[in-house]
Amino acid sequence: MAARPPHFLFSTPRSMVVKTQHSIRFNHFLPSAIKSQREDDCAPPHEGLSSVAGGVVALGKFDALHIGHRELAIQAAKVGVPFLLSFVGMAEVLGWEPRAPIVAKCDRKRVLSSWAPYCGDITPVEYELEFSKVRHLTPRQFVEMLSKKLGVCGVVAGENYRFGYKAAGDSSELVKLAEEYGMGAYIINNVMDKNQYYGNMGSNNLKEQGQVSSTRVRLALAKGDMKYVSELLGRQHRLVVMLKDQEWNQHRLSAQKSCFLNLPPKEGLYESCSVLIGNDKNVLPCKVTIDASDIHLELHDAATCMRIISQDFQCLGIDFGESGA
């Protein structure tokens, strides 16, 4: 029998675990016989199951859709059809204080589409579950649901992933249970924050050990460090503004913060921004000022601006360049 390749922890006919740095293509390490079997395992099951049946689901909290989340999708795409398994209503059920999402709900498909080149030209699809319906499941019941009710053929998670009621299960238990239920399990190393800008932020948080996280994205936005935000997200941050009660004054647009559909950076002036009006074809450079109550866009081309705003549109997107407040 050939020696096991690096990072290959173990394999069985039905389940395997690969622990890898985020830059490593772990499919390269799998013996061809095992590759063929994984392809057979991931064949779509019988009809009547969920839309994720036969796919490989990435598990996590996908608030920011940052480069760590993207890596989970990349690994899922290497062994099957990639999905993100998201939970709806966690804040309400757990009594968390309401807060704006990092990515506007209406913008999530665009972000996932931008991951397609990393995922074999396949756009990962987000599959949502009501958190209230699964929160009391034990780790075993959760994996059983993935296998029998959702019909997935594999799961991908980070090394510090926890699941089940009161986060009772960890990644090693996920591997064990996935094997029992005939699913592939792929555990990957955390994607670390190379900048380490907030290197001490996790000193009192065992879950935060220097990896890229939504918490770091929120802190970087709060500081107005858009270069750092872009590094964490793997793209520019887009603020989506629903247009209502806005004011146009020649080439200047003002709107209230209540129109924001996601989290803005801190108050201040941002020089290198772009505004997308209606769709990605109408892109204009602009300066953005955020104050205590409003956002102000100063567009450089007033004539083009007036031509575009005469069209019927409901919202605009603002991409923030790397210049900070």
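Note that this is a predicted model, so its numbers are computed, not measured.

### Comments concerning the overall build of the chain
Then, number 1: A count of helical and extended segments in the chain gives 10 helices and 14 strands.
Then, number 2: Expressed as a percentage of its 325 residues, the buried residues of the chain come to 50%.
Then, number 3: Within the chain, residue pairs in contact and separated by at least 24 positions form 68% of the contacts whose partners lie at least 6 positions apart.

### With respect to unusual backbone geometry
Then, number 1: Its identity is not glycine, yet Leu65 carries a phi of approximately 50°, on the positive side.
Then, number 2: Mapped onto the secondary structure, Leu65 falls in the loop between strand 3 (56-59) and helix 2 (67-77).
Then, number 3: Positive phi, close to 55°, is recorded for Lys166, a residue that is not glycine.
Then, number 4: Locating Lys166 in the fold gives a position in the loop between strand 6 (154-158) and helix 7 (171-180).

### Let's talk about the nonpolar core
Then, number 1: If you look at the biggest cluster of nonpolar residues, it comprises 56 residues, and the most contacted ones within it are Val288 and Ile318.
Then, number 2: When residues in this core are grouped by element, the largest group, 6 residues, is from helix 2.
Then, number 3: Looking at this core, you find at least three residues from each of domain 1 (56-188) and domain 2 (236-320).
Then, number 4: When neighbours within four sequence positions are excluded, Val288 is seen to be in contact with Gly268, Leu269, Tyr270, Cys273, Ile295, His296, Leu297, Ile318 and Phe320.
Then, number 5: Listed in part, the 29 residues of the second largest apolar core include Leu59, Met90, Tyr127 and Phe142.

### What about the packing of aromatic side chains?
Then, number 1: Summed over all chains, the structure comprises 5 aromatic pairs.
Then, number 2: Taking 5.9 Å as the distance between ring centres and 5° as the angle between the ring planes, the aromatic pair formed by Tyr161 and Phe163 counts as stacked. Across the pair, exposure class does not vary: Tyr161 and Phe163 are buried alike.
Then, number 3: Joined through ring pairs, the aromatic side chains of Phe87, Phe131, Phe142, Tyr161 and Phe163 make up one cluster.
Then, number 4: In this structure, Arg70 is placed above the aromatic ring of Tyr118, and the distance from its NZ or CZ to the ring centre is 4.1 Å.

### Description of the side chain of Arg218
Then, number 1: Position of Arg218 among the secondary structure elements: in helix 8 (residues 214-223).
Then, number 2: On the basis of relative accessible area, Arg218 is assigned to the buried category, the value being 15%.
Then, number 3: Not counting chain neighbours up to four residues away, the residues in contact with Arg218 comprise Asp63, Arg99, Ala100, Pro101, Ile102 and Leu263.

### Comments concerning the packing of helix 8 against helix 9 (residues 226-233)
Then, number 1: Between helix 8 and helix 9, whose axes approach to 8 Å, the crossing angle comes to 160°. The angle between the axes of helix 8 and helix 9 places the two elements in the roughly antiparallel class. For the pair helix 8 and helix 9, the sense of crossing is left-handed. Across the interface between the two elements, Arg216, Val217, Ala220 and Leu221 from helix 8 touch Met226, Tyr228, Val229, Leu232 and Leu233 from helix 9.
Then, number 2: A per-class count over the contact of helix 8 with helix 9 returns 8 nonpolar, no polar and 1 charged.

### Brief notes about the sheet that holds strand 3
Then, number 1: The strand order 5-4-3-6-7 describes an open sheet built from 5 strands, whose pairing is parallel. Strands with a single pairing partner mark the edges of an open sheet, and in this sheet they are strand 5 (125-130) and strand 7 (184-188). Adjacent strand axes in the sheet meet at a mean angle of 30° when their direction is disregarded.
Then, number 2: With 3 bridges joining them, strand 3 and strand 6 adopt parallel strand pairing. Considered in strand 6, the bridge of Val57 is made with Val155.

Reading the values: rules and limits
Residues numbered from 1 in each chain as written. Predicted model: local features only at pLDDT ≥ 70, side-chain atom pairs only at ≥ 80, totals over all residues. Heavy atoms only, no water. Helix = DSSP H or I, 4+ residues; strand = E, 2+ residues; numbered from the N terminus. Buried < 20%, exposed > 50% of the residue type's maximum accessible area, 1.4 Å probe, protein only. Contact = heavy atoms within 4.5 Å. Core = buried A, V, L, I, M, F, W, Y, C linked by side-chain atoms within 4.5 Å. Domains from an automatic or database assignment. Phe/Tyr/Trp six-rings, centres within 6.5 Å; stacked < 30°, edge-to-face > 60°. Lys NZ or Arg CZ within 6 Å of the ring centre and 35° of its normal. Axes fitted to C-alpha atoms, helices over the stretch in contact; angles between N-to-C directions. Parallel < 35°, antiparallel > 145°, perpendicular 65-115°, else oblique. Left-handed = near helix turned anticlockwise from the far one by under 90°. Nonpolar A, V, L, I, M, F, W, Y, C, P; charged D, E, K, R; others polar. Pairing = 2+ DSSP bridges.

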